[in-house]
Amino acid sequence: MLFYSFFKTLCSKPVAIELKNDLILTGTLHSVDQYLNIHLLNVSIVSPEKYPQLSGLKNVFVRGSVVRYIQLPSGEVDVELLMDATRKENAVKKNEKKVKA
Amino acid sequence: MNVPFGFIPGFLPGASSLLTSLDKSILIILRDSSHLIGILRSYDQFSNVVVSDCVRRRFIVSKNVYTEEKRGLEVVRGDTIIMLGEFEGGKGGMREVGGEEFKVIEEGLGEGEENKVVWDFDQDF
């Protein structure tokens, strides 16, 4: 859930998605879901000559399982907040494990 | 399409959904490199989709050709889908050919010339 919440804070920011087959899409992050499926608006493809068949696409829904990287604008990411959230999540998980054991 | 108020869960701001793409013409890219074009009628949590007036396009980018095949009403399993998007039509500057000619061109491709774009990458879906 951590990265789901993280990406929700980045909605309407420009991102670049690199798929596992090296296709790179840039666009505005519209929304994301629990599977990290991504909805991108105003997409453009980085190497359009390789993919002429995709010229008619304006908005895409990308299945989370096919994404390799998501490139983010560095100015939009609060790294401290992310680290804190990770530590908290880790602490919660540790407690859960203790309770179970 | 204007979704009536209350249909998009208001407690999930930023939540992605295919709801706004319903009844729109979409292009789906599948793992076997074929593209389906049709009207999105239904979907579920696994991104299985139902597409009506579906047409399947297969491409050979190196020869700039494609062929179409009518499929009618099709249910597509979510795990074969790479991505899908609202499609405004257009041929991408490519030439449409019939099924027979497409087969001939495909068979005539040289060793390194086959579809360089791989869509069926790793199996850990």
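Residues numbered from 1 in each chain as written. Chains lettered and ligands numbered in written order. Predicted model: local features only at pLDDT ≥ 70, side-chain atom pairs only at ≥ 80, totals over all residues. Heavy atoms only, no water.

Turning our eyes to something else, we now look at the nonpolar core. With 29 residues, the main nonpolar core has Leu19(A), Leu54(A) and Met83(B) as its most contacted residues. Where this core is concerned, the elements lending two or more residues are helix H1 (2–8), strand S1 (14–19), strand S2 (24–32), strand S3 (38–45) and strand S4 (57–62) of chain A together with strand S1 (25–30) and strand S5 (81–87) of chain B. Take this core: its biggest share by element is four residues, from S3(A). Membership of the second largest hydrophobic core comes to 15 residues, among which are Phe61(A), Leu19(B), Leu36(B) and Ile81(B). (Core = buried A, V, L, I, M, F, W, Y, C linked by side-chain atoms within 4.5 Å. Buried < 20%, exposed > 50% of the residue type's maximum accessible area, 1.4 Å probe, protein only. Helix = DSSP H or I, 4+ residues; strand = E, 2+ residues; numbered from the N terminus.)

With that settled, the discussion passes to the packing of aromatic side chains. Residues and elements named next belong to chain A. Counted according to the given criterion, the structure contains three aromatic pairs over all chains. Ring geometry for phenylalanine 3 against phenylalanine 6: centres 6.2 Å apart, planes inclined by 85 degrees, an arrangement best described as edge-to-face. With a gap of three residues between them, phenylalanine 3 and phenylalanine 6 both fall in helix H1, about one helical turn apart. Overall, phenylalanine 6 belongs to the buried group, its relative accessible area being 12%. Each ring, one from phenylalanine 6 and one from phenylalanine 7, has its centre 5.4 Å from the other, and the planes form 50 degrees; the classification is tilted. Here phenylalanine 6 matches phenylalanine 7 in class, with each residue buried. (Phe/Tyr/Trp six-rings, centres within 6.5 Å; stacked < 30°, edge-to-face > 60°.)

Take the UniProt feature "domain: Sm" (unreviewed entry) in chain A next. Mapped onto this numbering, the UniProt entry annotates "domain: Sm" (unreviewed entry) at residues 2–76 of chain A. Spanning residues 2–76 of chain A, this segment combines 9% helix with 45% strand, and its end C-alpha atoms are found 17 Å apart. (UniProt positions renumbered as here; feature names shortened; annotations may be inferred.)

Reading across the sheet, the 11 strands line up as S5(A)-S1(A)-S2(A)-S3(A)-S4(A)-S5(B)-S1(B)-S2(B)-S3(B)-S4(B)-S6(B) and stay open at both edges, with mixed pairing between neighbours. The open sheet has two edge strands, strand S5 (67–71) of chain A together with strand S6 (95–97) of chain B, and neither has a second partner. If you compare each strand with its neighbour and ignore which way they point, the axes differ by 40 degrees on average. Summarising the sheet, S1(A) and S2(A) pair through five bridges and their orientation is antiparallel. Across the sheet, residue Ala16(A) finds its bridge partner in S2(A), namely Thr26(A). (Pairing = 2+ DSSP bridges. Axes fitted to C-alpha atoms, helices over the stretch in contact; angles between N-to-C directions.)

Right, let's get into the pairing of S3(A). Residues and elements named next belong to chain A. One ladder, built from six bridges, connects S2 with S3; its direction is antiparallel. Residue leucine 25 lies in a different strand from S3, and its bridge partner there is isoleucine 45. What sits between S2 and S3 in their antiparallel hairpin is a turn of five residues, with leucine 36 showing a positive phi close to 60 degrees. Across three bridges, S3 lies against S4 in antiparallel orientation. The residue of S4 that forms the bridge with histidine 39 is phenylalanine 61.

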